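# Descriptive structure summary
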Amino acid sequence: MADPEPTPGDRLHKTLNFNVGVLGHVDSGKTSLARVLSSTASTAAFDKNPQSKERGITLDLGFSAFTVLMPEHMKLICGEYDSLQFTLVDCPGHASLIRTIIGGAQIIDLMMLVVDVVKGMQTQTAECLLIGQLTCSHMIVILNKTDLLPSDKRQIAIEKMTKRMQKTLENTRFRGCPIIAVAAKPGGPEAPETAEAQGITELIELLKSQAFLPKRDPSGSLLMAVDHCFSIRGQGTVITGTILQGALRVNDTLEIPALKVTRKVKSIQMFRKPVPSAMQGDRVGVCVTQFDPKLLERGVVCTPGSLHTIHAAIISVRKIEYYRGALSSRTKFHITIGHETVMSRVSFFSRASVSADSGSLSPAEQSAQDFSFDWEFCHQEEYLTGQGEAKGRDPAQWALLEFERPVTCPPLCLVIGSRLDSDIHSNTCRLAFHGKLLDGFEDKSYVDSVLPRLKISKNKHKEGAVERVTDDYTVIGKNLFKKETNLQLFVGLKVTLSSGETGVIEGSFGQSGKIKIRIPEGLKEETKQLLSSSSKKKGKGGAKNDPPKEEDVKVDSQHITIHLNFKRYVYDPQKKMIQS
Ligand SMILES: Nc1nc2c(ncn2[C@@H]2O[C@H](COP(=O)(O)OP(=O)(O)OP(=O)(O)O)[C@@H](O)[C@H]2O)c(=O)[nH]1
């Protein structure tokens, strides 16, 4: 019989793990803070706990942990646990920062944004805030290095910086989040190790008060981020890391996608004790049958067959508003996807760019229909609109990514596009866009044969005429499309009328390529008059509240034109390159 899914109660130990990402600008004091938190907690917070010394452990580069007794407010909801472990994920360099955060997005429960109190928000602070916005729902701001402020003006300076941070956070999801001042390593690098950090006990109390029962889901396939790997003679190879998704049991078979091999789980340890299973959010050491640990210093392991290695992908795209550069097609960006950052050629396209004029395709182009179907499918899926990308808001954007080397990632994972090669001191945001993986191309030959033949054309412009008004908010347009055109692909696109109103294509009208246009602000009086006089002159149709029927429409207004701008995306078997 299969083992039951592990539950949070299925533990030999009674410690709940809570993951805290430590983010901030270079040199803001992240590592110093993680270090002092761990040591302060292990010496002070546990004096009642005999295991305290053991718990202030350094797990690996970038990971440290400390444990406290279960805070009062969590005792009721976390009945089966008696203590709470904070695992601090110190995120160092920039590329690895994005990778760590994206990879850990599902399991970073709270983010500590470390700010140098003297310098305030710096470029990377802002970038970290952006990444936090995309991946995390709880945050604490740490104003560090308060010892550098002159003692007589310290309090005022802290209050000033607190207010400034509050203002910055006003329009973010972290509005009103706690802000605390500390000195993680007073005196800087030259100071003796004995120099006492300030505000750390208060910070630990704040962390305890902000902690909550994290959502963990043992279902689905396993995905574990590996941060360390070593062998134990006679036993096997141990991989340590964090379970990002799913669960793991002794005797399970794991896949190491980078090595294209599978290995059997011989034992699992948490908090240095053997456990039969572990689940999302847990930090574990897993002993598997032997392989060369040098081959997997960092990376992922997973349920066999659950990850895909892809050569190209389609993603949804949202521009990061602080990014000053252009998102132009066929340029290269650093793409962070799953646990990898890879250079990619990026071609952007938008909704109506999908083989829109299918009726006018040549027979060769017609064969592209299968392909364009995929895109059509994409934009009907909820995940495009479900993640805050509400239908009807911004015109949706997509991109085709062509990776310089294949990447291994889970389906639907978060993707961030950035320009990491731009100068880190240039004071500009290097994060350009974010999105979700919608579709990946695994088959290299498919990529070779199909992707080079995609054509993303330049902006197109179509012009038609308003035929009649059906009510104060709706007009019927004609001469924009042929009757064969798949009008569904244009639904939701913006049009402008020569009379000044803007509208949205609501759908087709009749069978001859006419469209119904909704004018959300309503038609201007002059426009209505112009259209109704035009109707009367011709003597048919145009009665304000008549349900529109195609045969009614005989009136031809020469006065008001409709303008539609869009991009077109077609498969062109003749082309050897993507054209733009
Ligand atoms: N004066 C003073 N210096 C500090 C404090 N905290 C850290 N520093 C110093 O600031 C420098 C950077 O500290 P780190 O902890 O390495 O900063 P970091 O953010 O982890 O740096 P990166 O990992 O390089 O991004 C070191 O020289 C520390 O000694 C503090 O509270 N006061």
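Just above, that's the structure.
Residues numbered from 1 in each chain as written. Predicted model: local features only at pLDDT ≥ 70, side-chain atom pairs only at ≥ 80, totals over all residues. Heavy atoms only, no water.

## Here we look at the nonpolar core
Leu 33, Leu 37 and Met 112 are the most contacted members of the largest nonpolar core, which has 31 residues in total. Only strand E1 (15-24), helix H1 (30-45), strand E3 (63-69), strand E4 (83-90), strand E5 (110-116), strand E6 (139-144) and helix H7 (200-210) provide two or more residues apiece to this core. No other element matches H7, which puts five residues into this core. Contacts of Leu 33, omitting those with residues within four sequence positions, involve Met 112, Val 114, Ile 142, Val 182, Ala 184, Ile 200 and Leu 203. (Core = buried A, V, L, I, M, F, W, Y, C linked by side-chain atoms within 4.5 Å. Buried < 20%, exposed > 50% of the residue type's maximum accessible area, 1.4 Å probe, protein only. Helix = DSSP H or I, 4+ residues; strand = E, 2+ residues; numbered from the N terminus. Contact = heavy atoms within 4.5 Å.)

## Let's talk about helix H6 (residues 154-169)
The terminal C-alpha atoms of H6 lie 22 Å apart, and with 16 residues this matches the ideal 22 Å at 1.5 Å per residue to within 8%. Along H6, the positions that sit buried rather than exposed are Ile 158, Met 161, Thr 162, Met 165 and Leu 169. Angularly, the buried residues of H6 cover 110° about the axis, an arc narrow enough to put them on a single face. Summarising the geometry of H6, the exposed residues directed more than 90 degrees from the buried face are Ile 156, Lys 160, Lys 163, Arg 164 and Lys 167. Among the structural elements, E5, helix H5 (123-135), E6 and strand E7 (179-181) are those in contact with the buried residues of H6. (Expected span 1.5 Å × (residues − 1). Arc of directions from axis to C-beta.)

## So, the site of the ligand
Not every one of the 19 residues close to the ligand is listed here, only the nearest: Lys 30, Thr 31, Ser 32, Asp 147 and Ala 184. A distance of 3.2 Å is found between an oxygen atom of the ligand and a backbone nitrogen or oxygen belonging to Ser 28. Sort the elements by how many residues they give to the shell around the ligand and H1 lands first, with three residues. (Near = heavy atom within 4 Å. Polar contact = N/O pair within 3.5 Å; in protein donor to acceptor, adjacent residues only side chain to side chain.)

## Quick notes on the pattern of salt bridges
It is possible for side chains of opposite charge to pair when their charged atoms get near one another. For the structure shown, the criterion picks out 14 salt bridges. Residue Glu 467 is joined to Lys 514 by a salt bridge in which the shortest nitrogen-to-oxygen separation is 3.5 Å. Residue Glu 467 is found in strand E23 (residues 454-471), and its partner Lys 514 is found in strand E27 (residues 514-518); the two are separated by 47 residues along the sequence. Here Glu 467 falls in the buried class, since its relative accessible area comes to 4%. Where Lys 528 meets Glu 525, a salt bridge forms, and the shortest distance between an N and an O atom there is 2.9 Å. Remark: Glu 525 and Lys 528 occur in helix H12 (residues 525-538); sequence separation between them is three residues, near one turn of the helix. In this structure Lys 528 comes out as buried when scored by relative accessible area, which is 15%. Each member of the salt-bridge network shares a partner with another, and the members are Glu 467, Lys 478 and Lys 514. (Salt bridge = Lys/Arg side-chain N within 4 Å of Asp/Glu carboxyl O.)

## Quick notes on the side chain of Thr 123
Mapped onto the elements, Thr 123 comes out in helix H5. On the basis of relative accessible area, Thr 123 is assigned to the buried category, the value being 11%. With near-sequence residues (within four places) excluded, Thr 123 lies in contact with His 25, Asn 427 and Thr 428.

## Considering unusual backbone geometry
Despite not being glycine, Lys 260 has its phi angle at roughly 55°, a positive value. Assignment of secondary structure puts Lys 260 in the loop between strand E11 (253-256) and strand E12 (261-270). By relative accessible area, which is 69% here, Lys 260 ends up exposed.

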